[in-house]
Amino acid sequence: MEIRTVATVPWDDQRPGTSGLRKKTRVFAGRPHYVENFVQSVLDVVGEVAGATFVLGGDGRHFADEALRRTLAVLVGNRAGRVIVGERGLFSTPAVSCVIRRRGARGGFVLTASHNPGGPDGDFGIKYNVGNGGPAPESLTRRIHARTREIRRYFLAELPPDLDLARRGTRRVGETVVEVVDPVADYAEMLEGLFDFAAIRRLLEGGFRMAFDALHGVTGPYARHVLEARLGAPPGTVRRGDPRPDFGGLHPDPNPTRCRELVREVVEEGRLDFAAACDGDGDRAMILGRGIFVSPCDGIAVLADRADLAPGYRGRIRGVARSMPTSRALDRVAAARGWDLYETPTGWKFFGSLLDAGRIQICGEESFGIGSDHLREKDGLWAVLFWLQILAAGGGDVAGVLRAHWRRYGRDWFTRHDYEGVDPAAATALVEELRGRLSGLPGTVWGGVRLVRAEDFAYRDPVTGEEAVHQGLRFLFADDSRITLRLSGTGTEGATLRVYLERHGREDLDRPPATALAAVAARARALVEPRRRFGRDAPDVVT
Ligand code: G1P
Ligand code: ZN
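Structural notes, computed from the coordinates. Keep in mind that what you see is a predicted model, and the values were worked out from it rather than measured.

## Examining the overall build of the chain
Of the regular secondary structure elements, the chain holds 18 helices and 27 strands. Taken against the 2.2 N^0.38 rule, which gives 24 Å for 543 residues, the C-alpha radius of gyration of the chain at 23 Å falls within 12% of a compact globule. Seen through its C-alpha atoms, the chain measures out along the principal axes to roughly 70 × 60 × 40 Å. For the chain, the residues scored as buried account for 61% of the 543 residues in total. A total of about 19,700 Å² of accessible surface is found on the chain, and carbon and sulfur atoms cover 46% of it.

## Let's talk about helix H17 (residues 518-528)
Residues of H17 that are buried: Val-520, Ala-521, Arg-523, Ala-524, Leu-527 and Val-528. Relative to the axis of H17, the buried residues are bounded by an arc of 160 degrees and lie together on one face. Positive phi appears at Glu-529, one or two residues downstream of H17, with a value of about 50 degrees.

## Observations concerning the site of ligand 1
Around ligand 1, 15 residues are found, and the nearest of them are Ser-367, Ser-488, Gly-489, Thr-490 and Arg-498. In the model, an oxygen atom of ligand 1 is placed 2.6 Å from a nitrogen or oxygen of the Arg-486 side chain. A distance of 2.6 Å separates an oxygen atom of ligand 1 from a polar side-chain atom of Ser-488. Protein coverage of the free-state accessible area of ligand 1, which is 380 Å², stands at 98%.

## With respect to the pattern of salt bridges
Summed over all chains, the structure comprises 54 salt bridges. Linking Glu-365 and Lys-378 is a salt bridge whose minimum nitrogen-to-oxygen distance equals 3.8 Å. Taken together, the positions of Glu-365 in strand E17 (residues 362-365) and Lys-378 in the loop between strand E18 (369-372) and helix H13 (380-394) put the pair 13 residues apart, joining distant regions of the chain. Here Glu-365 matches Lys-378 in class, with each residue buried. Note that Glu-433 is salt-bridged to Arg-533, the shortest N-O span being 2.9 Å. You can see Glu-433 sitting in helix H15 (residues 424-437) and its partner Arg-533 sitting in helix H18 (residues 530-534), a full 100 residues away along the chain. If you follow the salt bridges from partner to partner, you end up with Arg-322, Arg-328, Asp-331, Glu-343, Arg-453, Glu-455, Arg-474, Asp-480, Arg-482 and Glu-502 in one network.

## Structural notes on the coordination of the zinc ion (ligand 2)
The zinc ion (ligand 2) binds to the protein through Ser-114 (OG), Asp-279 (OD), Asp-281 (OD) and Asp-283 (OD); the donor distances cover 2.0 to 2.1 Å. One can describe the site at the zinc ion (ligand 2) as irregular: its four donor atoms subtend angles covering 85 to 162 degrees at the metal. Look at where the donors of the zinc ion (ligand 2) fall in the sequence and you get S-x164-D-x1-D-x1-D. A residue pair is termed long-range when its members are at least 10 positions apart, and Ser-114 in the loop between strand E5 (107-111) and strand E6 (123-129) and Asp-281 in the loop between strand E12 (274-278) and strand E13 (285-289) qualify at 167 residues. Here Asp-281 falls in the buried class, since its relative accessible area comes to 2%.

## Focus on the side chain of His-504
Examined against the element boundaries, His-504 turns out to sit in strand E26 (residues 495-505). On the basis of relative accessibility, which here comes to 18%, the residue His-504 falls in the buried class. Among the polar contacts listed, one links the side chain of His-504 to the backbone oxygen of Tyr-409, at a separation of 2.9 Å. Excluding anything up to four places from it in sequence, His-504 contacts Arg-332, Tyr-409, Gly-410, Arg-411, Asp-412, Trp-413 and Asp-480.

## Looking at the packing of helix H10 (residues 296-305) against helix H11 (residues 329-337)
Running from N to C, H10 and H11 point in directions that differ by 20 degrees, and their axes come no closer than 7 Å. Relative to H11, the element H10 is oriented roughly parallel. Crossing handedness for the pair H10 and H11: right-handed. Contacts between H10 and H11 involve Cys-297, Asp-298, Ile-300, Ala-301, Ala-304 and Asp-305 on the former and, on the latter, Ala-329, Leu-330, Val-333 and Arg-337. In terms of residue class, the contact of H10 with H11 is built from seven nonpolar, no polar and three charged.

## Some remarks on the packing of H10 against H13
For the pair H10 and H13, interaxial distance at closest approach is 11 Å and the crossing angle is 55 degrees. Taken together, the axes of H10 and H13 lie oblique to each other. Along this stretch, H10 crosses H13, giving a crossing that reads as left-handed. Here Gly-299, Val-302 and Leu-303 of H10 lie close against H13, whose contacting residues are Trp-382, Phe-386, Trp-387 and Ile-390. Looking at the contact of H10 with H13 residue by residue, the class counts come to six nonpolar, one polar and no charged.

## Concerning unusual backbone geometry
Positive phi values are uncommon outside glycine, yet Glu-48 reaches one of about 45 degrees. Tracing the backbone through its elements, the reader meets Glu-48 in the loop between helix H2 (34-46) and strand E3 (53-58). Its identity is not glycine, yet Ser-114 carries a phi of approximately 55 degrees, on the positive side. Note on Ser-114: relative accessible area 5%, which makes it buried.

## Some thoughts on the pairing of strand E21 (residues 449-456)
Where strand E20 (residues 445-446) meets E21, two bridges bridge the pair, whose relative direction is antiparallel. Looking across to E21, one finds that Trp-446 is bridged to Val-449. Between E20 and E21, which follow one another and run antiparallel, lie two residues, and Gly-447 among them has a positive phi close to 55 degrees. Pairing between E21 and strand E24 (residues 473-477): five bridges, direction antiparallel. Along E24, the bridge assignment pairs Asp-456 with Leu-473.

## Thoughts on the sheet that holds strand E25 (residues 482-487)
Taken together, seven strands build an open sheet; the order of strands is E20-E21-E24-E25-E26-E19-E27 and the sheet is antiparallel. Looking at which strands have only one partner, the edges of the open sheet turn out to be E20 and strand E27 (541-542).

## What about the packing of aromatic side chains?
Summed over the entire model, instances satisfying the criterion amount to 17 aromatic pairs. Seen from their ring centres, Phe-28 and Phe-124 are 5.1 Å apart, and the 75 degrees between their planes marks the pair as edge-to-face. Of this pair, Phe-28 sits in helix H1 (residues 25-30) while Phe-124 sits in strand E6, and the two are 96 residues apart along the sequence. Of the two residues, Phe-28 and Phe-124, neither departs from the other in class, the shared state being buried. Ring centres 5.5 Å apart and planes at 90 degrees place the aromatic pair Tyr-187 and Tyr-222 in the edge-to-face group. Separated by 35 residues along the polypeptide, Tyr-187 in helix H6 (residues 185-194) and Tyr-222 in helix H8 (residues 219-230) bring together distant segments of the chain.

Here is what the cut-offs are and how they apply
- Within each chain, residue numbers correspond to sequence positions counted from 1 in written order.
- Chain letters start at A and ligand numbers start at 1, both assigned in the order the entries are written.
- Given that the model is predicted, a residue must reach a pLDDT of at least 70 before its local features are reported, and side-chain atom pairs must reach 80 or more before they are shown or counted; all residues, however, enter totals for whole chains, interfaces and linings.
- As a rule here, side-chain values cover all heavy atoms of the structure and leave hydrogens and water aside.
- Helix and strand assignments follow DSSP, with helices taken as H or I runs no shorter than four residues and strands as E runs no shorter than two, numbered in order from the N terminus.
- Our radius of gyration looks at C-alpha atoms and nothing else; its globule reference is 2.2 Å times the residue count to the power 0.38.
- Burial classes follow relative accessibility: with a 1.4 Å probe on protein chains only, a residue under 20% of its type's maximum area counts as buried, one over 50% as exposed, and anything between as partly exposed.
- Shrake-Rupley sampling with a 1.4 Å probe provides the accessible areas, and residues are treated as covered by the protein chains on show and by no other component.
- Note that the arc is computed from the directions linking the helix axis to the C-beta atoms.
- When at least one non-hydrogen atom of a residue lies within 4 Å of a molecule or strand, that residue is treated as near it.
- We define a polar contact as two N or O atoms separated by no more than 3.5 Å, with the added condition that, inside protein, one atom must be a possible hydrogen donor and the other a possible acceptor, whereas residues neighbouring each other in sequence contribute only through side-chain atom pairs.
- We define a salt bridge as a contact between a side-chain nitrogen of Lys or Arg and a carboxyl oxygen of Asp or Glu at a distance within 4 Å.
- Metal-coordinating donors are taken as N, O and S atoms lying within 2.8 Å of the metal, or within 3.2 Å when the metal is Na, K or Ca; because water is left out, some sites can appear incomplete.
- The geometry test gives tetrahedral to four donors whose angles all lie between 85 and 135 degrees, gives square planar to four donors and octahedral to six donors whose opposite members are over 155 degrees apart with all other angles between 65 and 115, and gives irregular to the rest.
- A contact between two residues is defined here by any heavy atoms of the two lying within 4.5 Å.
- Throughout, an axis means a line fitted to C-alpha atoms (over the contacting stretch in the case of helices), and angles, computed between N-to-C directions, take values from 0 to 180 degrees.
- Roughly parallel here means an angle under 35 degrees, roughly antiparallel means over 145, roughly perpendicular means 65 to 115, and every remaining angle is called oblique.
- Crossing handedness: left-handed means the near helix sits turned counterclockwise from the far one by under a right angle, and right-handed means the same turn made clockwise.
- In this classification, Asp, Glu, Lys and Arg are treated as charged, Ala, Val, Leu, Ile, Met, Phe, Trp, Tyr, Cys and Pro as nonpolar, and every other residue, Gly included, as polar.
- Strands qualify as paired when DSSP identifies two bridges or more between them.
- Aromatic rings from Phe, Tyr and Trp, with only the six-membered ring used for Trp, were paired whenever their centres fell within 6.5 Å, and each pair was classed as stacked if the ring planes differed by under 30 degrees, edge-to-face if by over 60, and tilted otherwise.

Bear in mind that shape data such as this cannot, by itself, settle questions of function.
Next up, the structure:
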């Protein structure tokens, strides 16, 4: 086995964002050494690679096959001891986290751009997860970025041309054992330890009607195995279950805008009891019930509140966390139950230290991500099983569960407005101008309501002491409504401004968010001035 030292020049744009390095596929595919530079930079920073175990796989999107081999060639070139590869290169993000933990791996590479579209004109990404199974923390990604700017060489092995990554089996390549595994097995076994499968099976076999839409992402094989094979859901429950490199031309993004048909079928026409959809790499889930859409913010609160129904969580919750723009529905549950509540910046990486330290057991983000201390990633299929567990105890009625929650805690109406692909300079100017005006805003009146607090969210990790500043601007009003603004860190074109709106109330609980939040949205427009700044009259996506 020959290992070559290949001379390279740095790329200046390999800064990992909210969730790994994410770019247009053509950037990864077209630029020489782009993949190798990044992978080698990670390994240089992580250190002591020789002999260590790594996990490798992704959502199977366009270019993944090639990136898989090139990543593996660098891992072997650095004399990794073992690389555990998902069969056909497939591994969901939560499964990578699971396998890193179960196999005591040093880390893992996830080849995905999550919910972003794939294909030659779509997006690609590489994310590095560390030994606890979670995304590399900020301190590490900063060093990785610095390394990408100075890298001059990488170590490359020539993989045997007949090395078949589409079939299970173990083979030695140079000093590395390459182990191609079933990507589902470990993960499915883990789920079985957390939930009462017998109770869920009774629900699914008792006339309960559900659908799971994998959107041609990676969760198809997982959902078929867990829902259909193990839990007895009828064949065909899993839709679009074959992973495709271009996701069938879809956006593998589980939200009501992208999943119009499923929403019509379940929410508007009430033809199923329950439906869920997951994103490309399987860490997000959208939950629908007959006649009702579950806002992810509410979903987090309901799951935490009913955690005792799942054997893996019974009596175990001591703390919970949510990202800063996520609604305060979870806070009300935490207060009622005497749990600690942490508010973190956007991005799963900020939950890792709290989970590791046992300070929190359940956490989530408004962006359709919920998870727990079972892993260090959010987990779409896990959230689906958690809901099924709750429904198994409560007669299968999502709307009933949600309304009972609102009656007890009041409702936190929530919505997010995204202005996509806006001029980055205009977006930065908006944030900077508002930041400059923050101290003058309290006391000003917006549409008849006084603004009482304005702040530039900063976070100090209570476990590691790491600081993260400028994580978003937020505005609190006298009617207890909240507006949060931040720029996306996962986009690949222009800038995306996210505007998060929320308000708590105890009356008229069935009002849709658009109605309940109309006045808050008007205040947000006055703050953002989308027409003047971006030439836009309305957001591109409303979730
Ligand atoms: C988005 C979501 C964030 C999530 C991330 C990765 O990041 O808002 O909650 O953690 O994707 O899935 P953003 O584009 O807002 O930086
Ligand atoms: Zn994802």
